[in-house]
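# Examining the three-dimensional arrangement
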Amino acid sequence: MNSSRRSPPPAVEFATIALLAGLLALVCASFFSLTIRWGELFGADARRSALEFLSGFAPPELAGSFLAGIAKGILETLSMSALGTGIAFLLGIALALPASGRFGAAARLGIRLVLNILRSIPELVWAVILLIAAGLGPFAGTLALAVHTTGVLGRLFADALENLPTDAEDTLRINGAKPLAAFFYAALPQILPQLMSYTLYRWENNIRAAAILGVVGAGGLGQMLKYHLSLFQMQQAASVIIAMLLMITLVDGISFWLRRRLTANPSAW
Amino acid sequence: MNKMPAAVFSRHPDPAWRGRVTAMVIATALLWPMLVAGEFKPWILFDAKSLAATGRFLAAFFPPAHSGEFLWLMLAATWQTVAIATAGLTLALLGAIPLTLLATASLSVSQLESGRMRLAGAVVRQTARWLLVLLRSVPELVWALLFVRIVGLGPTAGVLAIALTYSGMLGKVYAEILESSESHATESLLRNGGGRLAALFYGAWPAAASELVSYTTFRWECAIRGSVIMGFVGAGGLGQRMDESMKMMAGDEVSTMLIIFVLLVACADLVSTFLRRRLG
């Protein structure tokens, strides 16, 4: 029995075991409290109705006029994302100035708090709130994207500004340039490539977000999807979903390709 | 400033102004069609009727709703949101782990032996990858919309939507992490006749465990945010309550829910940072 000597297994801390037990308890509690209707999900009835539902999708609607509508929806989605990101870029820079401590510590804390709040409320929730002020349609979606992205970009921009060595700006200031001029001609050109890469990355995210914002009535492809689904026009809904998938895949592909080109050959900037 | 010698400086203080103005003109020309397509009409915001509606709604924000009964309701809704995220992520793990095993190239025996995969292995691997791509390309909100149609309103749709989307995301990233981590131990095990499962558990998993765990907790955090959002299409939790209060224009309830939501996200952030430090 004892001929094969094994080294003892590594000791496991009590805290780790407690933590894992806690996680397990969380998972169990989640499943028990949700009363998921497994029966309805996997019963014969459910399978039949799900199949019926899915078979309603085929074939996707491909009539010319409908495809033109989808193209308009895609254009609307892209415009929403581009405008929202553009507004957020400008507001982000404007808020990054106080958030990087250029107007004192109190302003820095205050603006950072505001940015955190803007950031932690998702685009879709902003869209629902902004529908009241801006009405149904892509404008509310654009504003929602702008507000959320301002929070994200403002924070990133402020961090970039804080990490920037201040030599160039100091030189201009010592030689009599005004603070704003010093910022625009010394600090901004140095961090602009970084700001652009953050902004492009968020734009990519926002295209994906803009595609679904319409589900609450804020324009773009999502609004078409919601409309056709609620009328049970499954074939049209299928076309919209496929268009959404194609658009997202295309954007993913382009950004992957661009990023690989830019990182593979940094001198190509 | 005004007395610069003309020979050194051009008359305009900004030497690059021509380029800047041209860029601005081109940008405006590109922007115009977008403004039209996006129905960008900021003056709507300052329309008297819309200002009045917004004013009424925002005025109700303070004080936030805080009756005991309402707070209990909120507590239940918040728990439901967390539970949807947790249950969904657990199901996603059940789907993602087998798919990861299929998709990870560094666990391929035939590739190790001959430098290339057997045809059958390559086909299975590629199919698994396409499945993962399909699962994660459809946004979770769209899955939720479809499931609400199939299983009806309530948390079941949210759990299923998270399970499908996140199994795609987790599977893809797990495979990437396993392929990019230190492969020496895995390779030795496979070369010396260890099974693929053994190679995973004793080679690949220990080498990549901390990265896998931290990505999973990060996704849990995202799932919480996602489950709130899916509530807006009827998938239960805090989002569904927010949608109802929004439709009744009950500003005080909405403001309480926004506060709860911000706190919830902050807490999830803290917990996931703690878990990452502890288990990573």
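Conventions used here
- Residues numbered from 1 in each chain as written.
- Chains lettered and ligands numbered in written order.
- Predicted model: local features only at pLDDT ≥ 70, side-chain atom pairs only at ≥ 80, totals over all residues.
- Helix = DSSP H or I, 4+ residues; strand = E, 2+ residues; numbered from the N terminus.
- Rg over C-alpha atoms; globule rule 2.2 N^0.38 Å.
- Buried ≥ 20, exposed ≤ 12 C-beta atoms within 10 Å, placed from the backbone.
- Contact = placed C-beta atoms within 7 Å.
- Nonpolar A, V, L, I, M, F, W, Y, C, P; charged D, E, K, R; others polar.
- Core = buried A, V, L, I, M, F, W, Y, C linked by C-beta atoms within 7 Å.
- Expected span 1.5 Å × (residues − 1).
- Arc of directions from axis to C-beta.
- pLDDT = per-residue confidence, 0-100.
- Axes fitted to C-alpha atoms, helices over the stretch in contact; angles between N-to-C directions.
- Parallel < 35°, antiparallel > 145°, perpendicular 65-115°, else oblique.
- Left-handed = near helix turned anticlockwise from the far one by under 90°.

## Describing the overall build of chain B
Secondary structure assignment for chain B yields 11 helices and 0 strands. Listed by position from the N terminus, the elements making up chain B come as α-α-α-α-α-α-α-α-α-α-α. Against the 2.2 N^0.38 benchmark of 19 Å for 280 residues, chain B shows a C-alpha radius of gyration of 27 Å, more extended than a compact globule. When its C-alpha atoms are laid out on the principal axes, chain B stretches across 75 × 75 × 35 Å. Burial statistics for chain B: of 280 residues in total, 36% are counted as buried. By sequence separation, contacts in chain B at least 24 residues apart represent 74% of the contacts at least 6 residues apart.

## Considerations on the overall build of chain A
Tallying secondary structure elements over chain A gives 11 helices and 0 strands in all. Secondary structure elements of chain A occur, N-terminal to C-terminal, as α-α-α-α-α-α-α-α-α-α-α. Taking the principal axes of the C-alpha coordinates as reference, chain A spans close to 80 × 80 × 40 Å. Each of the 269 residues in chain A was classed as buried or not, and the buried ones make up 38%.

## Remarks on the environment of Pro98 of chain B
Within the secondary structure, Pro98 of chain B sits in helix 3 (residues 68–103). Along the backbone, Pro98 of chain B and Ser137 of chain B are 39 residues apart, and their C-alpha atoms lie at a distance of 19 Å.

## Notes on the interface of chain A and chain B
In this assembly, 45 residues from chain A lie in contact with 40 residues from chain B. Counting residues per element, the side of chain A that touches chain B draws most heavily on helix 1 (residues 14–34) of chain A, at 7 residues. Looking at side-chain class alone, the side of chain A that touches chain B contains 32 nonpolar, 9 polar and 4 charged residues.

## Re the nonpolar core
In terms of nonpolar packing, the biggest core is built from 120 residues, with Ala127, Leu130, Ala144 and Leu213 of chain A together with Ala144, Ala161 and Ile162 of chain B touching the most fellow members. In this structure, Ala144 of chain B is in contact with Ala157, Gly158, Ala161, Met230, Val233 and Ala235 of chain B, ignoring residues within four places of it in sequence.

## Brief notes about the environment of Phe157 of chain A
Residues and elements named next belong to chain A. Checked against the element boundaries, Phe157 lands in helix 7 (residues 138–163). The sequence separation of Phe157 and Val216 amounts to 59 residues, and the corresponding C-alpha distance is 30 Å. Look past the residues within four positions of Phe157 in its chain and what remains in contact with it is Gly92, Ile93, Ala96 and Leu195.

## Focus: helix 5 (residues 105–120) of chain A
All names here are of chain A. Over its 16 residues, helix 5 runs 22 Å from end to end, which matches the ideal 22 Å to within 8%, given 1.5 Å per residue. Listing the buried residues of helix 5 in full gives Ile111, Leu115, Leu118 and Arg119. Down the axis of helix 5, the buried set is contained in an arc of 95°. They therefore lie on one face. Summarising the geometry of helix 5, the exposed residues directed more than 90 degrees from the buried face are Ala105, Ala106 and Leu113. Those residues of helix 5 that are buried lie in contact with helix 4 (64–99) and helix 7.

## Things to note about the confidence of the model for chain B
All names here are of chain B. Of all residues in chain B, 91% attain a pLDDT of 70 or more, and the chain-wide mean is 84. Confidence, read as mean pLDDT per element, is least for helix 4 (residues 109–114) in chain B (64) and greatest for helix 3 (91). Here the predicted complex scores 0.83 on pTM and 0.81 on ipTM.

## Describing the environment of Gly234 of chain B
Residues and elements named next belong to chain B. Relative to the assigned elements, Gly234 resides in the loop between helix 9 (196–230) and helix 10 (238–247). The spatial distance from the C-alpha of Gly234 to the C-alpha of Ser188 is 51 Å, given a sequence separation of 46 residues. In this view, Gly234 contacts Val148, Leu153 and Gln240; residues no more than four positions away in its chain are not counted.

## Description of the confidence of the model for chain A
Taken as a whole, chain A shows an average pLDDT of 86; of its residues, 94% reach a score of 70 or greater. No element of chain A has a lower mean pLDDT than helix 2 (residues 38–42) of chain A, at 69, and none a higher one than helix 7 of chain A, at 94.

## Thoughts on the packing of helix 4 of chain A against helix 5 of chain A
All names here are of chain A. At a closest axis distance of 7 Å, the pairing of helix 4 and helix 5 adopts a crossing angle of 140°. Overall, the two elements helix 4 and helix 5 adopt an arrangement that is oblique. Counting all contacts with helix 4, which are made through Leu95, Pro98 and Ala99, the residues of helix 5 involved are Ala107, Arg108, Ile111, Arg112 and Leu115.

## Section: the packing of helix 6 (residues 123–134) of chain A against helix 7 of chain A
Residue and element names in this part refer to chain A. One can describe the packing of helix 6 onto helix 7 by two numbers: an axis separation of 8 Å at closest approach and a directional angle of 130°. As the angle between them shows, helix 6 and helix 7 are arranged oblique. Considering only the axes of helix 6 and helix 7, their crossing is right-handed. Residues Glu123, Trp126, Ala127, Leu130, Leu131 and Ala134 of helix 6 lie in contact with helix 7, whose contacting residues are Phe139, Ala140, Gly141, Leu143, Ala144, Leu145, Val147 and His148. Classifying every residue of the contact of helix 6 with helix 7 gives 11 nonpolar, 2 polar and 1 charged.

## Considering helix 1 of chain A
With 21 residues, helix 1 of chain A extends 30 Å between its outermost C-alpha atoms, agreeing within 8% with the 30 Å of an ideal straight helix rising 1.5 Å per residue. Positioned one or two residues after helix 1 of chain A, Thr35 of chain A has a phi angle of 45°, which is positive.

## Considerations on unusual backbone geometry
Residue and element names in this part refer to chain B. Here the amide bond leading from Phe62 into Pro63 is cis, since omega sits at -5°, within 30 degrees of zero. One non-glycine residue, Glu39, lies in positive phi territory at about 45°. Mapped onto the elements, Glu39 comes out in the loop between helix 1 (17–37) and helix 2 (48–59). Despite not being glycine, Met249 shows a phi value in the positive range, around 55°. In this structure, Met249 sits in the loop between helix 10 and helix 11 (251–279). On the basis of neighbour count, Met249 is assigned to the partly exposed category, with 13 C-beta atoms found within 10 Å.

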